[in-house]
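Close look at the chain arrangement
Read off the chains here:
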Amino acid sequence: MTAVLLVALLLASGFAAQSGVHLQDGIYTAITDDQAVAAIIAENTVFSVTLADPRQIGGTDAYDLIVVGGEAHAGPTAKGRAALSAFATTYRHYTGAVYTGESDLFAAYPLWIDTVEVESRLDFDATESGEIISAVQRGDTVRPSGPVEEVPTPSATLAVTAEDLREDLAAAPADSGTVTRYLGMFSDGPDLGEFKTPSQLSPPLPFDSLIYVFVFIFPLYFTSQFAMMSVANERTDRRGEILLSTPAGPLTIICGKMLPYFLLMILISSAIVLVSGGSFVVLLPLVPVILFFLAAALLIGMTARSYRELSFLSIFFSTVMTSYLFFPSVFANVHVISLISPLTLIVLEFGGSGFSAADYLYATALFWLSTALILWLCTRNFNEERLFSQERLTSRLRSFIFSAMSRNHPFASLVAVNALSIPLVFMVQLMYLVLLFNLPLPWSLLLLILLAALTEEAAKSIGIIAVWRGIPGLFTWKNVVIAAAATGLGFLVGEKLLLFAMLSQVTGSVFGAVLFSGVGLLWMPFLLHSAGALIVGAALKVGGRGAYVPAILLAAAVHAAYNLILIGGAL
Amino acid sequence: MNARHILTIARKELRGIRNERTIVLAILLQVFIAMFSSFLVVGLTTLYDPSSLGGLAGGYAVGYAGADSPLDGLLEEKGFSVHHMDLSDAVASLSERKLAAAVWVPDTPPDAAEPVKITLYTVKNDISASVTGTRIREALETYEGMLRDTRSDRLDVLPIEVAIPSGSGGQGFFIFIYGLLVPLLLFMPAIISASLIIDFITEEYSARTLETLLSTPLTFSEILWGKVFAAWVLVPVQAGAWLILLAINGITIANVVPVLLHVAVASLALILIGAIAALHYRERTSAQFIYSTALVAVLLVVLSVPGNPVNLVVLLAAGTAVPAGWTGLLVVGGGATLLALFTERYARRIARTTTP
C-alpha cells in the first residue's frame, strides 16, 4: 500500500509540475480591444481575458483591468489596482522577452545597475527613533557627521560580455507565476552577479522566505508526529511497561526512541539541501530545531490522554512553532528581529550572505536550552506512575514539574525550576516581540508590557502551584514568603544569566527593558519578581484554587505597573 | 440506518472533544491566527505600500555623485530630495542613515555603443530599502526608457506599447491575502477534521470499546456515520469563525455562503478519505501516515486541475464572478457521494466479517 501511494505521489507531483498549480487562476478579469494585448495578458493565468471593444459593451466597471487603445486602466476597486500591478509585471516580462532577443543588447538594455550595499548599524534604537523617518532630511544639505572613508570611483564599464549578460537575462524566470518563481530560488537561477537591469532591481520581498519554512519545516513536523504517536501508542497499549522493566534507564530509552526519528529528519533535510543545491551549512541551524521538535513530541506524547488530544496539541504546537520560525524570517535582510528564528539563518545562507557564529548563537541558543529543559523534564517523568495515569492535561503537567523537584528541598527546587524556565519564557516573549514590534510605538510597548507581565507571572506561579499541590501542609505564612523569595531569586538569576550571555542586542533597547525588566538595580527586579510570586502564593493560601486566576491577573497588573512607571521614565 | 443513532454517536464524539478542553486549544489557535492576519495587515502593508506611511511626505534624501544626467530630475519627480555631493561623503552619510540611497553616474553619452553603468549604493539590512527601493527602481526604469528611445534606431523589433499608470503597488498583498492566506485558513479545518476522524475510529479499536458500542442497538455503519458527521460539522463552524476573524481584521470575503458550501463539500471528501484509511488500518500511526501521504497526492492533483475547488474558493472569496462555480460544486459533490457510497459498502463488509 505504501509503495502504491509513493508511486501515486510521484505521479501526482509529476502531473503538478507539468500543469502547474492552479490556485489563483482567473482571479482578475480583464478586457481589451487588441488581440496582441490579449495574448500578452493571457500569458499570466491570474487573468481571464475578454477580447471586445469596451466602448461597445458599455459598463467596464465589471472588469479589474481595462486595456484600450494602448492604455491600461485599473478597475474601481482594490482588486483592480492589484490587477493593474499584476499586468505591469506581466507586461515587463513580455518586453523583457522581446528585448533579450535584440541583436544589439546594449540598445535594448542601455542601463545597467551595479548595486553596492553599505553596512550600517540597524538595531532597535532605529525602531525607537522611527527608522522610517530617519532618512528624511529636514535641512538643505546632507553632511556625514562621522569620519569619511575614501570611496574609489566606480568604473564606467561592465566587466562582463554582452553574450554572458544575454544568457543570464534569458535564464531569468519569464513567468510571474508563484511556483516557477519559488522554484527559481532553489535552482541555480539567474546569476546576474552584481549587474542588473532596472527592472531586476527588486526590493526584498518578505514572503519569498515563506517557501523555506514550508520546505524545511513540514517534513520535520510530519516526522515528529510519528515520534509523538510512537510514545502515545506505548502508553495506550501499555507496551512501555516491558521497556521500563529492562535495566535501561529512562534517558537511554528516550534517546533510543528518538534516534531513528532524528536520523530520518536529518536525512530528509539533507535530501532537500541536495535537491535545492544549497550548502550543507543550513543543517546547522536545523539541528536545534529538529531536537526541539522531538523534545516537544516526546512531551506531547507523554501528556496527551487520547488521540484527539494528541491531534489538537500537535496541531497547536506546530502552528505556534511555524509562526515562531516563520514570522521573523519574513524580515530576513530587513530587520535584526529576524535573527530570533533559526530559519532566518537558512534564508541568509540561501541568499548568499551567510551567517556568523554570533548570529548562530543568538538564533539557536533558546532552542538548545529549551530542548535540554524539556528532555530533562521528560526523563525525570519517564516512569510507570506518570506514563500510565489518566490525569487531565494541566494536572499532569503540574505533576510532571513536581516530580522534577526535590521533596526534601522544596525551596531550592523552586529556585532551580524558575531559573530553568527562563529559556521557555524568553521564547514566548520573543514571540510577542515578533508579533507586535511593528505596531505603532506606544501600542506595541503597552501590549508587550501587559503580555510579558502576564507570561512571567504565569510562569512563576507554576513552581508555586506544583509545590502547593505536591506538599499540601508546607505553606505556612512564613514558608509562603520564603517560597516567593526563592521564586523571585530563581527567576532573576536565570534571566540575568541568559541575558548577559546572548540577548544583548534586544536588551539594549527599550523593548528589552519592557520584556525582561532590565531597568534598575538588581534588587528592584528581585523584589518585583518575589512580589508577584507572593501575591499568587498568598492568594492560593487564602482562597484556594479558585483564587488562582484572579491572583495571576493581580500579579501581572502589579508587574505591568512597575514596568510602565520605569519605562515611562525611560521614554 | 437510524438518524437518531447517528446523532447520538456524533454527540458523544463532540462531547469528548469538549471534555478534554482541547477545544480551548482550537480557540487559542484561532486567536493566534487573528494576530497573524493583523500582523500581516500592519507589517506587510507597510512594506508593500510605502504611501501608507505618513512619515514619507517630507521625502527621502538621495545622494547624487558623478556626471549630470536626467536621472537627477527623475528622482526628484519620485519625491526624493536629491543632494549633489562627493561620492565618499555620500557613502558615509548613507551608512549614518542620513540618506536612503546614493547613486554614481558615469559620463557615458546616451547614444554610446556601451551601456550606461550606474552604481547604486543602498543600506544593507534596512527596512527603508524596501520602502524606497520601488521608487528608485521606477526612476531608473524611466531613465532606461529614455536611453532606449535614444538608441531605438538600433533595435530590430519594438514591443507593442501599452501605457501603464505608475505607482501601482499592492498586488503582492492582495494576492497573498486572497490567493494564499484565505484558502489556507479555510481548508485547514477540513484537514484537521480529516485527521480527527482517524482518531475517532482508531481509538475505538485501540481502546477495544467497539464491541461494547456494537452490543447496543447501534449498527457499525451508524457508528461510522455519526463519527463522520461529528468531524464534518466542525468544518463550517471553524471556517465561519475564520471568516469572521478575517472580517474583524478588515479583510472582507465576498460570497460567504457559496464559499462555505464549497469548503463543506470538499471537506466531506477529505474526511471520507481519512475514514477509509482508518477503517482499513484500524491503527492510528499507519492510518495517519497513509492519510497524510494520500492527502499530499490528492492536493497536488487537485491543484493542478484548472477550476479546482481551492481555485474556486479563491475566486469566490475575492469577489470574481465564477460562471462554472456551481458545476465545480456538483463535480466535487459527486466525488464525495461516490466516496460515501464506497465507505458505506466497506463499512458493511467490515461489519459482516467482525460481528458474530
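The name recorded for chain B in an unreviewed UniProt entry is Sodium ABC transporter permease, from Methanofollis fontis. Under Subcellular location (unreviewed entry), UniProt gives the following word-for-word description of chain B: "Membrane".

1. Topic: the UniProt feature "transmembrane region" (unreviewed entry) in chain B
All names here are of chain B. Here, UniProt's "transmembrane region" (unreviewed entry) annotation points to residues 21-48, 175-198, 229-253, 259-281, 288-306 and 312-342. Measuring from the first to the last C-alpha atom of residues 175-198 gives 34 Å, for a span that is 100% helix and 0% strand. What you have in residues 259-281 is 100% helix and 0% strand, and the ends, taken at the C-alpha atoms, are 33 Å apart.

2. Considering the packing of aromatic side chains
Residues and elements named next belong to chain A. Evaluated as defined, the whole model comprises 12 aromatic pairs over all chains. When the centroid spacing of 6.1 Å and the interplanar angle of 75° are considered together, the rings of Tyr99 and Tyr109 count as edge-to-face. On the criterion of sequence distance, the pair formed by Tyr99 in helix H4 (residues 78-100) and Tyr109 in the loop between helix H5 (105-108) and strand S5 (111-118) is long-range, its members being 10 residues apart. The buried category is assigned to Tyr99, whose relative accessible area is 9%. For Tyr109, a relative accessible area of 5% corresponds to the buried category. Geometrically, the ring pair formed by Phe293 and Phe317 is edge-to-face, given 5.6 Å between the ring centres and 75° between the ring planes. With a gap of 24 residues between them, Phe293 in helix H13 (residues 283-303) and Phe317 in helix H14 (residues 307-330) connect regions that are remote in the sequence. In this structure Phe293 comes out as buried when scored by relative accessible area, which is 1%. Connected via pairs of aromatic rings, a cluster forms that spans Phe292, Phe293, Phe317, Tyr324 and Phe367. One Lys or Arg, Lys460, reaches over the ring of Phe491 and ends 5.6 Å from the middle of that ring.

3. A closer look at helix H1 (residues 2-19) of chain A
Given a rise of 1.5 Å per residue, 18 residues ought to cover 26 Å, and the 25 Å separating the end C-alpha atoms of H1(A) matches this to within 8%. Of the positions making up H1(A), those classed as buried are Leu5(A), Leu9(A), Ala12(A) and Ala16(A). The arc that holds every buried residue of H1(A), seen down its axis, measures 70°, which confines them to one face. Among the exposed residues of H1(A), those pointing more than 90 degrees away from its buried face are Ala3(A), Val4(A), Leu10(A), Leu11(A), Ala17(A) and Gln18(A). Looking at the buried positions of H1(A), the neighbouring elements they touch are helix H10 (284-304) of chain B. Following H1(A) by one or two positions, Gly20(A) adopts a phi angle in the positive range, close to 80°.

Conventions and cut-offs
Numbering of residues begins from 1 in every chain and follows the order in which that chain's sequence is written. Here the convention is simple: chains get letters from A, ligands get numbers from 1, in the order in which they are written. Since the coordinates come from a predicted model, pLDDT governs what is reported: local features require at least 70, and pairs of side-chain atoms require 80 or more to be given and counted, while whole-chain, interface and lining totals use all residues. Where side-chain values are given, they derive from all heavy atoms of the structure, hydrogens and water being excluded. UniProt positions are given in the numbering used here, feature names are shortened, and annotations may be inferred rather than shown by experiment. Numbering of helices and strands runs from the N terminus; a helix is a DSSP stretch of H or I covering at least four residues, while a strand is a stretch of E covering at least two. Here a pair means two rings of Phe, Tyr or Trp (six-membered ring of Trp) with centres within 6.5 Å. Their orientation is stacked below 30 degrees between planes, edge-to-face above 60, and tilted elsewhere. Per-residue accessibility, obtained with a 1.4 Å probe over protein chains only, is compared with the maximum for each type, and a residue is labelled buried under 20%, exposed over 50%, and partly exposed between these values. Over a ring means this: the NZ of a Lys or the CZ of an Arg is within 6 Å of the ring centre and within 35 degrees of the ring normal. Multiplying 1.5 Å by the helix residue count minus one yields the expected span of that helix. Directions drawn from the helix axis to the C-beta atoms are what define this arc. Whether two residues touch is decided by their heavy atoms; if any such pair falls within 4.5 Å, the residues are in contact.

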